[in-house]
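Secondary and tertiary structure notes
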Amino acid sequence: MSGPDIITLGCRLNIAESEAIREMAGGQDDLIVVNSCAVTAEAVRQTRQAIRRARRDRPDARIMVTGCAAQTEPDTFAAMPEVDAVIGNREKMAAATYQPPFGALPEVRVADIMAVRDTAPHMASAFADHARAFLEVQNGCDHRCTFCIIPYGRGNSRSVPAGAVVKKAKELVAAGYREIVLTGVDVTSYGPDLPGSPSLGLLVERILTGVPDLPRLRLSSIDSVEIDDRLFDLIAHEPRMMPHLHLSLQAGDDMILKRMKRRHSRTDAVRIVDRLLAARPDISIGADIIAGFPTEDEAMFENSLALVSDCRIVHGHIFPYSPRTGTPAARMPQVDRATIKARAARLRAACEARRADWLASLVGTRQSVLVERSGLSGHAENFAPVRFATPQTPSAILHATITGLENGALIAQEAQ
C-alpha cells in the first residue's frame, strides 16, 4: 500500500476534501482517515461501522476520524477504542495534521467551526477514481433548516475567491480532467461574503471564459430558490454546462416545507423545473426528498410523492427522516419509524419507475459520454450511466449510440 487509506462517507464536498487529505498525508502508509458524514443518524452509524471494519482489517494502523460527524459528535468517536484521533472539519485541511509526531491517544482536535470566517487554503487536485474532478467553491451554510445538523458541522457560509477557482480549474484541465463539478454545502449561496458580492452565475461565467479548454462543467446539489436569472440563462443556453441539476427540494407539501424552514413553496419548485425544461428539454432533474418529517400525515406525504412526477425527478435521493440532536425538528411530534420506512420505500419506488422510463426513452439516441478511468463505463451529459460493450479510451468524450438498457445503465455498442 502506498499512502494513506481514505474512507469517505457522504457528499461530493467530502469526496473533494478526501482527495486533498490524500495529497496532504503523502506517504503515511500506516494511516487510515475516515471522513465522516452527519446528515442522518444512519450516516453516523455507518461511520462507526466503517471505523470498526477498518480496525479489524488493519489492526496496526493509526485511525483518524474527521468530517461532519466528528465535528458535531467528537466525544462519540473519542470514546471508541478503535479511534486514535478525532479531527474537526477545519483541522482536517491542515497538512500538519497528518504528519508525525502525533499527540497522546486518543487525540481530539475540534475547534469552534462557527468561528471560521475564511475558506480552507486548499483545493483538491487529484481524483484517482474519476474522470471528472470535484472542485470546492463554497463551504458552510447560513440557513437553519429545522432538520439539519450540517451548519454545526461546517460553520457559516464562506466562498472561495473566483480567481483561485479559475486557477485550480485550469490546473485540473491541464492534468487531463474533462469535466469539473462545482461543489459546496450550499453552492447557490456563493459570493455574498466576497468583495463585490459575486453570484454563482458570475463565477460560472468566469470559469467558462477563463478556462476555454474545459468541455464540461456541472453543478452539484443546488437550492432551486437561489437560481437567479444569470445562472438560469447559463444552465438553459450554455452547451458546456451539463443538462443535469440536483435540487434540494426536501418535500412537496407547503406545510411541511414551512415547518422545515425551507425558503420555497411547492409551486416554486414545480415552476422552476417547468421553466428549465421549457428552455432546455434535455435537462435531467435530481432531488433530495425527506420521508416522514415530523407531523407529516398521509395527505402531506402524498404531496411529496406527487412531486416526483410533477418535477420529473429521475435522480432521486430519498432520506428517511431521523432526528438529529439539537435541531428544532427533533423536538417536534415524530412519525413512527415503520411509517417513515414505508414512505421512503414508496418514494424510492416512484423515483426508480420514473428513472427506468427515462432511461428507456434514451435507447436509440446518441449521447456525448465522458469515459471513466476503467474505459468500460461513463456518464452522459444528463448524468445517465453508460456502459460500453468494448473498452474505450479513459477520460475521452465520445459520441455514443445507445442500443440498449441493462441493469439500470445504458448500453453503447459503438462510439466515435
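Below, the structure is looked at part by part. (Residues numbered from 1 in each chain as written. Predicted model: local features only at pLDDT ≥ 70, side-chain atom pairs only at ≥ 80, totals over all residues. Heavy atoms only, no water.)

1. Observations regarding the overall build of the protein
- Assigned secondary structure in the protein consists of 12 helices and 18 strands.
- Scaling as 2.2 N^0.38, a compact globule of 416 residues should have a C-alpha radius of gyration of about 22 Å, and the protein matches this with 21 Å.
- The C-alpha extent of the protein, read off along each of the three principal axes, is 60 × 50 × 45 Å.
- Taken across its 416 residues, the protein has 55% of its residues classed as buried.
- Taking all contacts inside the protein whose residues are at least 6 apart in sequence as the whole, residues at least 24 apart take part in 71%.
- About 16900 Å² of surface is accessible on the protein, with carbon and sulfur atoms providing 53% of the total.
- Of the charged side chains in the protein, 49 are positive and 50 negative, and the gap between their average positions amounts to 1 Å. (Helix = DSSP H or I, 4+ residues; strand = E, 2+ residues; numbered from the N terminus. Rg over C-alpha atoms; globule rule 2.2 N^0.38 Å. Buried < 20%, exposed > 50% of the residue type's maximum accessible area, 1.4 Å probe, protein only. Contact = heavy atoms within 4.5 Å. Areas by Shrake-Rupley, 256 points an atom, 1.4 Å probe, with all protein chains shown as cover. Lys, Arg positive; Asp, Glu negative; His and termini not counted. Charge placed at Lys NZ, Arg CZ, Asp CG, Glu CD.)

2. So, the packing of aromatic side chains
- Taken as a whole, this structure holds 2 aromatic pairs when the rule is applied.
- Residues Phe147 and Phe293 carry aromatic rings whose centres are separated by 6.4 Å and whose planes lie at 85 degrees to one another, so their mutual orientation is edge-to-face. Here Phe147, found in the loop between strand E7 (138-139) and helix H5 (150-154), pairs with Phe293, found in the loop between strand E12 (284-291) and helix H11 (298-310); they are 146 residues apart in sequence, far enough to count as distant.
- Consider the rings of Phe293 and Tyr321, whose centres lie 5.6 Å apart with planes at 70 degrees: the pair is edge-to-face. Taken together, the residues span a long stretch of sequence, with Phe293 in the loop between E12 and H11 and Tyr321 in the loop between strand E13 (313-320) and helix H12 (337-361) at a distance of 28 residues. This pair shows no difference in class: Phe293 is buried, exactly as Tyr321 is.
- Each member of the aromatic cluster is reached from another via a ring pair, and the members are Phe147, Phe293 and Tyr321. (Phe/Tyr/Trp six-rings, centres within 6.5 Å; stacked < 30°, edge-to-face > 60°.)

3. A short note on the sheet that holds strand E11 (residues 244-250)
- Read across the sheet, 3 strands follow the order E11-E12-E13 without closing on themselves; strand pairing throughout is parallel. A single partner strand is all that each edge strand has here, and the edge strands are E11 and E13. Across the sheet, the mean angle separating the axes of adjacent strands is 20 degrees when strand polarity is ignored.
- Two elements, E12 and E13, share 7 bridges in a ladder whose sense is parallel. Bridging across to E13, Gly286 finds its partner in His315.
- Against the sheet, H12 makes contact with E12 and E13, and its axis sits at roughly 165 degrees relative to E13, the strand it touches most. (Pairing = 2+ DSSP bridges. Axes fitted to C-alpha atoms, helices over the stretch in contact; angles between N-to-C directions.)

So far we have only geometry, and geometry alone does not tell us how the molecule works.
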